[in-house]
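# Geometric and topological summary
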Amino acid sequence: MSTLVYRRDIDGLRAVAVIAVVLFHFGVPGFTGGFVGVDVFFVISGYLITSIIWNQRQAGQFSFVDFWARRARRILPALFAMIVAVLAVGWFLLAPKDYEELGRSVRYQVMFVSNILFMRQDGYFDVASDLKPLLHTWSLAVEEQFYIVFPLLLTLLSSRLKHWRLALFGVLLLSFGLSVWAVAHHPEKAFFLLPMRAWELLAGAMLAVAPKSAWRLKHVAAEWLSLLGMVLILLAVFGYDKATPFPGVAALLPVLGVVLLILANGHRDTWVGQFLSSRIMVGLGLISYSWYLWHWPVFVFSSYASVGEPSAVESAGLILLTLLLGYLSWKFVE
């Protein structure tokens, strides 16, 4: 079966994404825009998933059922393990009303629509959201919905239209336009719903199906594009905050940053690519999914049980705990 060439730098990008998200959620100074790590994940997912689908279609080996089954095997075991643990801890820690709400979150996530539930409730950055142990599953729901719809869309466009890449780019522009409009008029929908987030995944998808000529970069160009890509991501991580209208136009920084990094390091060994491919970055990238799953419940339960704000030492200990749980989940469940 057609396989995708493994790229260490993309695992390193995952590490950048998860570090940004975790440190933002734990309130580490400076990482005020760390929530854009989710957008980094979206672009990476769009690129990798589309690469798999397209390579297998080219080889005449693609199967919708096999694709969806592989996605389920990749995502669900670690997710369900985390949910079971959260339900167990919540039974002893949460008030009855809060536990009932947790059960509701579980039901919605099992149906891959927790993003819709959270969209109808308090905003992502509201204080009340800090007491929702499964709030972070909204991004998983968005990806799961994309995995269901996108293979059908890609197959339909590529089999019926001569200029299907242009049509796919048109879908991206439509989604981006919806995102910009919704940020101004319905910010909760802009943040949580697939139609306004799809353009980020499609940015990676367009890169995956781009003609090979698009990857032919001279070494100097690759070095500069790679550096620019990392700068764009870091500008968002350290420059944005909870008051930044998001996603919309603001999401262009991390999205374009990831696109440039994947493109520049595709066939050239750049300095930034070497950093992303380092052992520690790849190691963190490998456990990034499980780390993401576990970091938020630990933060919520610690906040729920605490009287005041945690000290710097306590926060560092909690972050290390989430990293350990993420590693154990990756090692024994994923």
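First things first, this report covers the structure right here in the doc. The structure displayed is predicted, hence computed values, not measured ones.

## Concerning the overall build of the protein
Check the secondary structure of the protein and you find 15 helices and zero strands. The globule rule puts the C-alpha radius of gyration for 334 residues at 20 Å, and the 20 Å found for the protein is close to it. When its C-alpha atoms are laid out on the principal axes, the protein stretches across 60 × 45 × 40 Å. A separation of at least 24 residues holds for 79% of the contacts in the protein among residues at least 6 apart in sequence. Accessible area for the protein stands at about 15500 Å²; split by element, carbon and sulfur atoms hold 68% of it. Computed over 25 positive and 20 negative side-chain charges, the inter-centroid distance for the protein is 14 Å.

## Section: the packing of helix H2 (residues 37-58) against helix H9 (residues 194-209)
Contact pair H2 / H9: the axes reach a minimum separation of 7 Å and the direction vectors enclose 45°. In terms of their interaxial angle, H2 and H9 are classed as oblique. Classified by chirality, the crossing of H9 by H2 is right-handed. Residue-level contacts link Asp39, Phe42, Val43, Ser45, Gly46, Tyr47, Thr50, Ser51 and Trp54 of H2 to Arg197, Glu200, Leu201, Gly204, Ala205, Leu207, Ala208 and Val209 of H9. Tallied by class, the residues present in the contact of H2 with H9 amount to nine nonpolar, five polar and three charged.

## Some remarks on the pattern of salt bridges
In the structure shown here, the tally under the stated rule is six salt bridges. Across the salt bridge formed by Asp9 and Arg7, the nearest N and O atoms sit 2.7 Å from each other. By the burial criterion, Asp9 is buried, and Arg7 matches it. For the salt bridge of Arg197 with Glu200, the shortest nitrogen-to-oxygen distance reads 3.1 Å.

## Remarks on the packing of aromatic side chains
Scanning the model with the defined rule gives 19 aromatic pairs in all. Look at Phe26 and Phe299: their rings are 5.4 Å apart centre to centre, the planes differ by 80°, and that puts the pair in the edge-to-face class. In this pair, Phe26 sits in the loop between helix H1 (8-25) and H2 while Phe299 sits in helix H14 (residues 288-305), placing the two residues 273 residues apart along the sequence. Exposure remark for Phe299: the relative accessible area of 14% places this residue in the buried category. Here Phe35 and Phe246 contribute two aromatic rings whose centre-to-centre distance is 5.1 Å and whose plane-to-plane angle is 80°, an arrangement assigned as edge-to-face. Of this pair, Phe35 sits in the loop between H1 and H2 while Phe246 is found in the loop between helix H10 (219-239) and helix H11 (252-264), placing the two residues 211 residues apart along the sequence.

## Brief notes about the packing of helix H3 (residues 64-93) against helix H6 (residues 137-160)
In helix packing, the relevant descriptors are the interaxial angle and the interaxial distance, both defined with respect to the helix axes. At a closest axis distance of 11 Å, the pairing of H3 and H6 adopts a crossing angle of 175°. Overall, the two elements H3 and H6 adopt an arrangement that is roughly antiparallel. Contact residues: Phe64, Phe67, Trp68, Arg71, Ile75, Leu79 and Met82 in H3; Thr137, Leu140, Glu144, Tyr147, Ile148, Pro151, Leu152 and Thr155 in H6. By residue class, the composition of the contact of H3 with H6 is 11 nonpolar, two polar and two charged.

## Details of H6
Taking 1.5 Å of rise per residue, the 24 residues of H6 would be expected to cover 34 Å, and the 35 Å separating its terminal C-alpha atoms lies within 8% of that figure. In H6, a bend of some 30° at Val149 exceeds every other bend along the element, and Pro151, a proline, comes one to four places later. Most of H6 sits inside the fold, with 17 of its 24 residues counted as buried.

## Let's talk about unusual backbone geometry
In this model, Phe246 is joined to Pro247 through a cis peptide bond whose omega is 10°. Its place among the elements puts Pro247 in the loop between H10 and H11. Unusually for a residue other than glycine, Phe112 sits at a positive phi of about 65°. Relative to the elements of secondary structure, Phe112 occurs in the loop between helix H4 (96-110) and helix H5 (114-120). According to the relative accessible area criterion, Phe112 is partly exposed, its value standing at 26%.

## Comments concerning the nonpolar core
Formed by 109 residues in total, the largest nonpolar core has its most connected members in Leu13, Trp138 and Leu168. The dominant element in this core, judged by the number of residues it contributes, is H9, at 12 residues. In this structure Trp138 touches Val38, Phe42, Ser114, Asn115, Phe118, Tyr124, Phe191, Phe192 and Arg197, once residues within four positions along its chain are discounted.

Analysis parameters
- Residues numbered from 1 in each chain as written.
- Predicted model: local features only at pLDDT ≥ 70, side-chain atom pairs only at ≥ 80, totals over all residues.
- Heavy atoms only, no water.
- Helix = DSSP H or I, 4+ residues; strand = E, 2+ residues; numbered from the N terminus.
- Rg over C-alpha atoms; globule rule 2.2 N^0.38 Å.
- Contact = heavy atoms within 4.5 Å.
- Areas by Shrake-Rupley, 256 points an atom, 1.4 Å probe, with all protein chains shown as cover.
- Lys, Arg positive; Asp, Glu negative; His and termini not counted.
- Charge placed at Lys NZ, Arg CZ, Asp CG, Glu CD.
- Axes fitted to C-alpha atoms, helices over the stretch in contact; angles between N-to-C directions.
- Parallel < 35°, antiparallel > 145°, perpendicular 65-115°, else oblique.
- Left-handed = near helix turned anticlockwise from the far one by under 90°.
- Nonpolar A, V, L, I, M, F, W, Y, C, P; charged D, E, K, R; others polar.
- Salt bridge = Lys/Arg side-chain N within 4 Å of Asp/Glu carboxyl O.
- Buried < 20%, exposed > 50% of the residue type's maximum accessible area, 1.4 Å probe, protein only.
- Phe/Tyr/Trp six-rings, centres within 6.5 Å; stacked < 30°, edge-to-face > 60°.
- Expected span 1.5 Å × (residues − 1).
- Bend = angle between axes of the 7 residues up to and from the residue.
- Core = buried A, V, L, I, M, F, W, Y, C linked by side-chain atoms within 4.5 Å.

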